[in-house]
Amino acid sequence: MPTREALERVVERVRRTPLGERIPAGWEALTDLPFTTKEDLRRHYPLGLVTVPHEQLRRIHASSGSRGKPTIAAYTQHDLDVWSEVMADCLTMAGVQPGMVLHNAYGYGLFTGGLGFHQGAERIGALTIPVSGGVTARQALLLRDLRGQVLCSTPSYALHIAQGLREAGIGPDELALEIGLFGAEPWTEGMRDQLEAELGLVALNIYGLSEIVGPGVAAECPEGRDGLHVMEDHFLVEVIDPETGAPAPDGTDGELVFTTLTKEAMPLLRYRTGDIASLDREPCVCGRASARMSAVRGRRDDMLIIRGVNLYPSQIEEALLHVDGVAPHYQLIVERPGQLDELTVLCEGKGANLASRVKEAIREQVGVTVRVLVRPLGEIPRSEGKAVRVVDKRT
Ligand code: DLL
């Protein structure tokens, strides 16, 4: 737990913003403090929650904002330094060492992925290659020719790069890959197996969001690979019941909530991320004592209700990737032809009875019967950043 003083400092900062009036005068515990929501950020768009004079701002980032206005993140120099530090810690924990060649295929720009990894990698003295997303054939060539050891990208884009390598006839023996740091979207153990097999690296999960800092809020260690260590010196984590707001017991799924402890420009109290995960506070096999969050199952608003069954796209992914002959690319189409939602799973692959085997695997694992359409390899749209897993045709 952070010291009371750290929390008091954030509270004092937040009091300077329009959200300050919601803080009760005699608050005692963290749970007495109000939540902050994405709606609050929207209402005070773009810079209404900044607590420092404008001339102290050094950088602006934003999340993609597929649903309306982008979410703005503002940083002072100190905020950028803290961000580099937590990213450096995540990379070091993953096994990245000074001098290693880091191929950064996260997008550069307003998205925090590119620059976040870049600063952390430079801080530890890695040789950083700012490839950014896109031009997959060139990614494959550079990965081979510059002998990239660390691949940083979304997991879906890493698979696309793997396909680019195959198409260029570049075999695993021509690559120097050792570590993959994959995040920015949900992915499963089945996807981990695929990534490791196709790229010959150890695949690790890294989490973050622009509102809190960007990537570097939590990451896996290679020893445990059993939950992501939260960088608790800077980010205080809670999991709550998304319906009631009450704390969820450790080990129980709920909504991740973060309080920034050291942020200057846009500190946030109890920010509701919308991401569903659980917490584990038992020490890890690696010896670190920090709280660990499970892999994110999905966003609250990505949860589908199909004939009364709640499910996240990642559960479909887990079922799919256990079926022989299925490629790790898929999309879910949600429609409402009548009263009820219907789900169609588009996947790729080859083999006898593939559609019925996939249907059976999903029925067994998730408990719903869905329509399955198997497409030829390469037909499902690939993304260069976050994959679009759900196509909602209901509205
Ligand atoms: O995606 C920051 C990031 C960049 C994290 C690169 C890791 C690697 P945003 O664009 O603001 O920031 O999106 C944040 O992405 O609330 C989650 O829903 C999702 N997300 C991020 N990391 C993971 C992960 C970046 N490892 C939103 N697993 C978050 C699942 C993730 N979802």
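As the structure is a computational prediction, the values presented were derived from the model and not from experiment. (Residues numbered from 1 in each chain as written. Predicted model: local features only at pLDDT ≥ 70, side-chain atom pairs only at ≥ 80, totals over all residues. Heavy atoms only, no water.)

A few words on the sheet that holds strand β9 (residues 228-230). Reading across from one edge, β4-β3-β5-β6-β7-β8-β9-β14-β13 is the order of the 9 strands in this open sheet, with mixed pairing throughout. Two strands bound the open sheet, and with one partner strand each, they are β4 (127-129) and β13 (279-280). Pairing of β9 with strand β14 (residues 292-293) involves 2 bridges; the strand directions are antiparallel. Opposite H229, over in β14, you have R292 as the bridge partner. Along the sheet, helix α3 (residues 77-94) makes contact with β3 (101-104), β6 (179-183), β7 (202-209), β8 (214-219) and β9, crossing β8 at roughly 45°. (Pairing = 2+ DSSP bridges. Helix = DSSP H or I, 4+ residues; strand = E, 2+ residues; numbered from the N terminus. Contact = heavy atoms within 4.5 Å. Axes fitted to C-alpha atoms, helices over the stretch in contact; angles between N-to-C directions.)

The next subject is the site of the ligand. Taken together, 22 residues lie around the ligand, and N205, I206, S210, D275 and K386 are the ones closest in. Take R299: an N or O atom from its side chain is 3.3 Å from an oxygen atom of the ligand. Side-chain polar atom of K386 to an oxygen atom of the ligand: 2.8 Å apart, as the coordinates give it. When the free accessible area of the ligand is taken as 610 Å², the share hidden by the protein chains comes to 94%. Residue assignment for the shell around the ligand shows that the elements contributing at least two residues are α4 (112-124) and β7. Ranked by residues supplied to the shell around the ligand, first place goes to β7 with 5 residues. When grouped by side-chain class, the residues that make up the shell around the ligand number 10 nonpolar, 7 polar and 5 charged. (Near = heavy atom within 4 Å. Polar contact = N/O pair within 3.5 Å; in protein donor to acceptor, adjacent residues only side chain to side chain. Areas by Shrake-Rupley, 256 points an atom, 1.4 Å probe, with all protein chains shown as cover. Nonpolar A, V, L, I, M, F, W, Y, C, P; charged D, E, K, R; others polar.)

Functional significance is not addressed by these values, which are geometric in nature.
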